[in-house]
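# Summary of the model geometry
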Amino acid sequence: MDVFLSWLFSSKEQELYILDCMAYFMNFMAAFIFVSLLFQNVPYGRYASSKYGFPVNVKFAWFVQELPSLLLPLCLVFWTSSSKTSLLPNQLLIVMFLCHYVQRTIIYPFLIRGGKATPFAPFALAFVFCVYNGYMQVRYLSHYAEYPADWVTHPRFITGSAVWLIGWLMNIHSDHILRNLRKPGETSYKIPRGGMFEYVSGANFLGEITEWAGFALAGHSAHSAAFSIFTTVVLANRAVAHHKWYLAKFEDYPKSRKALVPFVF
């Protein structure tokens, strides 16, 4: 893989420059998507539409689209001369990233019960994003990110790591609640209850937003910050859409429940 990367980039300086540009472009895309989502929900799940392409089995779609965020980082760590992976801060940040995508790629898809097929267009875009972001995050952390020797004891890293863990656990627990709303063979929607769903309609989205905000705080880079911003834009919109949908569908939906931020929004 080193040979391929050396063919793509003439020097480490050039690759780092490209990685920085990728982070800035992700911020630009977040702004563009924020505007576009004011007029259209992301078309998968309950908002799926045939106009966005032929249907892809939901389990297959989740597994394949998330796979690059697991395989590509592993290749970058183990099949290249990853000069920074011997450093503890870099190791821990890479582990945070991989923990999410091990669960999201290998475990989550195969626990889905029911679920609508994913149109090809959002499936393909998600796959491209995972290639893009998997390379950007882990190539930077494994080859270029430099932290002070005491970074793992710095309040920013400790706080960010704790926030990441809280978000990761919240996301997994919320997915568990949603998954178990349906008995085997059921496809109808129900009101989620328990955990953070007692406070917000998008508890699973809040968990993932929290997770990557913590990752960005601990990583202290333009690359992790761009990922956090992009995630927040997409998932906050989805949480608001879900909240409106629940209110319209269920007359007995808890009126005190907010969309994304407990007691606030």
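Quick caveat: nothing in here was measured; it's all calculated off a predicted structure.

A few words on the packing of helix α4 (residues 68–78) against helix α5 (residues 88–107). A pair of packed helices is characterised by two quantities: the angle between their axes and the separation of those axes. For the pair α4 and α5, the least separation of the axes is 9 Å and the interaxial angle reads 140°. Seen along the crossing, α4 lies across α5 with a hand that is left-handed. Two secondary-structure elements touch here, α4 through S69, L70, P73, L74 and V77 and α5 through I94, F97, L98, Y101, V102, T105 and I106. Its residues assigned to classes, the contact of α4 with α5 comprises 10 nonpolar, two polar and no charged.

Turning next to the pattern of salt bridges. Across all of its chains, the model carries four salt bridges by this definition. Between R104 and D175 there is a salt bridge, with its nearest N and O atoms 3.3 Å apart. Of this pair, R104 sits in helix α5 while D175 is found in helix α7 (residues 155–179), placing the two residues 71 residues apart along the sequence. Overall, the relative accessible area of 4% leaves R104 in the buried class. The class of D175 is buried, set by a relative accessible area of 7%.

Moving on to the layout of surface pockets. Over the atoms a probe the size of a water molecule is rolled, and this reveals where empty space is left. Within this model, the second largest pocket holds a volume of roughly 220 Å³. The element that contributes the greatest number of residues to the lining of the second largest pocket is helix α9 (residues 222–249), accounting for seven residues. A class-by-class count of the residues in the lining of the second largest pocket yields seven nonpolar, three polar and one charged.

Glancing now at the environment of N90. Within the secondary structure, N90 is located in helix α5. Judged by its relative accessible area of 1%, N90 falls in the buried class. For N90 and E146, which are 56 residues apart along the polypeptide, the C-alpha to C-alpha distance reads 8.1 Å. Excluding anything up to four places from it in sequence, N90 contacts K84, L141, A145 and Y147.

Conventions we followed
Residues numbered from 1 in each chain as written. Predicted model: local features only at pLDDT ≥ 70, side-chain atom pairs only at ≥ 80, totals over all residues. Heavy atoms only, no water. Axes fitted to C-alpha atoms, helices over the stretch in contact; angles between N-to-C directions. Helix = DSSP H or I, 4+ residues; strand = E, 2+ residues; numbered from the N terminus. Left-handed = near helix turned anticlockwise from the far one by under 90°. Contact = heavy atoms within 4.5 Å. Nonpolar A, V, L, I, M, F, W, Y, C, P; charged D, E, K, R; others polar. Salt bridge = Lys/Arg side-chain N within 4 Å of Asp/Glu carboxyl O. Buried < 20%, exposed > 50% of the residue type's maximum accessible area, 1.4 Å probe, protein only. 1 Å grid on protein atoms, 1.4 Å probe; cavity = no way out; pocket = protein on both sides within 12 Å on 5 of 7 lines; lining within 4 Å. Points joined across faces, edges and corners; volume = space filled by probe spheres on them.

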